[in-house]
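Observations on the model geometry
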Amino acid sequence: MHLSLGQKRTVLITGGAGFIGSHVVRKMVLAYPSYQIVNLDKLTYAGNLENLKDIEKYPNYKFIKGDIVDGDFINNLFSKWNFDGVIHLAAESHVDRSIEAPLEFVKTNVLGTVNLLNASKSIWKENYQGKRFYHISTDEVYGSLGETGLFSEITSYRPNSPYSASKASSDHFVRSYGETYGLPYVISNCSNNYGPYQFPEKLIPLFINNIIQHKPLPVYGDGKYTRDWLFVEDHAEAIDLIYHKGKNKESYNIGGFNEWQNIDMVKLLCSLMDKRLFRDKGESEKLITFVKDRPGHDLRYAIDATKINKELGWEPSVIFREGLERTIDWYLANVTWLDHVNSGEYQNYYNTRYKQ
Ligand code: NAD
Ligand code: DAU
């Protein structure tokens with residue numbers, strides 16, 4: 001199914017105040033003036049409306065604060081707005097937090113997704129023409145690779161953390177609604193994103209933040225774990241393409257063809273930061289501290305993104321070193337954003353902007 005462009009359409013984006021969601025919202029609001037984009041977000045610790053200041057007054061953008069776990073609220077929202085499409089990003093997304101509090105991940109990632117599926121099914125009433133439920137997922141559902149091999153769309157699911165188990169479960173629910181009720185859906189599973197607006201609990205922004213403040217850089221285990229890094233705007237571009245042109249009931253892997261062992265990536269980051277901060281060569285590297293490993297730590301992720309390339313013509317456009325430099329520059333140019341996150345002040349933005 002291709003969704004024709006230029007039509008009027010009301011699209012719900014969940015989790016749009018988060019890292020990837022804010023890039024997707026911005027892209028859709030700017031690229032599709034004929035769409036009404038509704039951003040539904042609970043504004044957990046990870047949701048930050050300062051991420052969307054530049055587009056918050058656009059006429060085709062509307063923010064709604066709400067919880068996808070609240071089924072009645074979701075049903076009422078869908079009845080009111082009669083969405084044509086859902087792009088579902090809202091989630092608890094940090095592996096370390098899932099190890100501390102798995103149930104929160106079950107609630108948001110599993111129950112929240114099922115609430116959205118039920119509400120979509122209920123308003124679309126089997127009249128699925130032009131309708132689409134797009135579920136954004138992760139490569140972590142496939143578990144861990146050894147030294148070689150790549151995750152493809154037919155790799156078996158073998159999640160190892162409560163986070164990835166909850167995402168795997170939500171993927172299965174989405175697929176099951178397609179099989180059982182005919183709900184038109186598409187799923188994508190992406191590798192590690194990096195870029196502006198990422199909450200500084202994830203590796204790259206945490207380490208940028210710590211380097212700025214001369215704080216230790218906690219590398220888990222021996223640092224030999226491998227991740228496949230993708231610039232967030234490339235992910236947003238893939239999401240736009242898949243939403244409009246992806247095939248119904250298919251899943252697409254998205255990745256950067258860009259594998260790095262953590263320790264090598266961190267050393268590159270340190271050297272780039274030294275240059276940007278006019279510090280002595282090697283100064284930031286001295287902050288590296290090897291700490292206790294993450295339990296169940298997946299050794300290696302790497303994506304085979306051939307399918308999306310062949311079917312939809314997508315490929316990553318940002319070279320890693322340039323993307324990392326852009327990311328560093330963004331954090332250094334946006335110290336107020338970082339200060340507000342560090343102090344917790346960003347959580348007041350909703351009250352000042354939306355409740356005046
Ligand atoms: P994030 O943690 O930065 O943002 C998540 C957003 O969801 C926040 O704005 C938060 O307030 C909102 N949210 C959380 N619980 C909610 C609830 N109950 N109701 C409504 N809103 C709620 O996450 P992210 O890194 O931007 O990831 C977005 C999506 O992409 C997630 O589904 C994640 O699994 C997936 N993903 C992330 C990556 C990555 O590298 N970050 C890679 C692949 C896939
Ligand atoms: O692969 C996609 C996934 O990437 C997404 O689904 C997740 O939402 C996202 O958080 C990310 O998961 P990771 O666990 O790979 O990302 P994180 O930034 O937490 O960690 C990246 C690597 O760095 C991982 O091997 C653990 C390591 N690490 C992380 C932190 C926070 C450290 O060594 N030290 C740290 O302090």
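Please refer to the structure higher up on the page.
Summarised in this report is the structure supplied together with it. Computed from a predicted model, the values in this text were never measured in an experiment. (Residues numbered from 1 in each chain as written. Chains lettered and ligands numbered in written order. Predicted model: local features only at pLDDT ≥ 70, side-chain atom pairs only at ≥ 80, totals over all residues. Heavy atoms only, no water.)

**Here we look at the overall build of the chain**
Check the secondary structure of the chain and you find 12 helices and 12 strands. Its C-alpha atoms give the chain a radius of gyration of 20 Å, near enough to 21 Å, the size a compact globule of 356 residues would have. Taking all 356 residues of the chain together, 57% fall into the buried category. Within the chain, contacts between residues separated by at least 24 positions form 82% of all contacts whose residues are at least 6 apart in sequence. Carbon and sulfur atoms make up 50% of the accessible area of the chain, which totals about 15300 Å². The centroid of the 41 positive side-chain charges in the chain is displaced by 4 Å from the centroid of its 43 negative side-chain charges. (Helix = DSSP H or I, 4+ residues; strand = E, 2+ residues; numbered from the N terminus. Rg over C-alpha atoms; globule rule 2.2 N^0.38 Å. Buried < 20%, exposed > 50% of the residue type's maximum accessible area, 1.4 Å probe, protein only. Contact = heavy atoms within 4.5 Å. Areas by Shrake-Rupley, 256 points an atom, 1.4 Å probe, with all protein chains shown as cover. Lys, Arg positive; Asp, Glu negative; His and termini not counted. Charge placed at Lys NZ, Arg CZ, Asp CG, Glu CD.)

**A closer look at the environment of M28**
Tracing the backbone through its elements, the reader meets M28 in helix α1 (residues 19-31). We classify M28 as buried; its relative accessible area is 1%.

**Focus: the site of ligand 1**
Taken together, 30 residues surround ligand 1, and among them I20, D41, S93, Y163 and K167 come closest. Between ligand 1 and the protein, one listed contact pairs a nitrogen atom with a backbone N or O atom of K42 at 3.1 Å. With respect to ligand 1, the backbone of N193 contributes an N or O atom lying 2.9 Å from an oxygen atom. Notes on ligand 1: free accessible area 830 Å², of which the protein chains cover 96%. At the level of secondary structure, the elements contributing two or more residues to the shell around ligand 1 comprise α1, β5 (132-138), α5 (162-181) and β7 (192-194). Element by element, the count of residues in the shell around ligand 1 is highest for β5, at 3 residues. (Near = heavy atom within 4 Å. Polar contact = N/O pair within 3.5 Å; in protein donor to acceptor, adjacent residues only side chain to side chain.)

**Some remarks on helix α6 (residues 203-212)**
By the criterion of burial, α6 is predominantly enclosed, with 7 of the 10 residues buried. Every buried residue of α6 is listed here: I204, P205, F207, I208, N209, N210 and I211. Residue H214 follows α6 closely and has a positive phi angle near 55°.

**What to know about the sheet that holds β5**
Ordered in space as β3-β2-β1-β4-β5-β6-β10, the 7 strands form an open sheet in which the pairing is parallel. At either margin of the open sheet sits one strand with a lone partner, and together these are β3 (61-65) and β10 (250-254). Between one strand axis and the next, the sheet turns through 20° on average, direction left out of account. The pairing of strand β1 (residues 9-14) with strand β4 (residues 85-88) spans 4 bridges and is parallel. (Pairing = 2+ DSSP bridges. Axes fitted to C-alpha atoms, helices over the stretch in contact; angles between N-to-C directions.)

**Things to note about the pairing of β1**
Taking burial as the measure, the 6 residues of β1 include 6 buried ones, the bulk of the element. Side chains R9, V11 and I13 of β1 all project onto a buried face; the interleaved residues T10, L12 and T14 project onto the opposite face, where all are buried too. You can see the chain leave β1, run along α1 and come back into strand β2 (residues 35-41), and the turn it takes is right-handed. (Right-handed = clockwise from strand over helix to strand, strands pointing away.)

**What to know about the site of ligand 2**
Close contacts around ligand 2 come from 24 residues, with T138, D139, E140, Y163 and R294 the closest. Here a nitrogen atom of ligand 2 and a backbone polar atom of P218 are 2.7 Å apart. At a separation of 2.8 Å, an oxygen atom of ligand 2 approaches a polar backbone atom of Y220. Protein contact buries 94% of the 680 Å² of open area that ligand 2 shows by itself. Listing elements by their share of the shell around ligand 2, those giving two or more residues are α6 and β8 (217-220). When the residues that make up the shell around ligand 2 are grouped by side-chain class, the tally is 11 nonpolar, 7 polar and 6 charged. (Nonpolar A, V, L, I, M, F, W, Y, C, P; charged D, E, K, R; others polar.)

**Some thoughts on the packing of α6 against helix α10 (residues 320-333)**
Their axes nearest at 11 Å, the elements α6 and α10 cross at an angle of 55°. Considered as vectors, α6 and α10 are oriented oblique to each other. Two packed elements cross with a definite hand, and for α6 against α10 that hand is right-handed. Taken together, the residues of α10 that come into contact with α6 (itself represented by I204, P205, I208 and I212) are L324, T327, I328, Y331 and L332. (Parallel < 35°, antiparallel > 145°, perpendicular 65-115°, else oblique. Left-handed = near helix turned anticlockwise from the far one by under 90°.)

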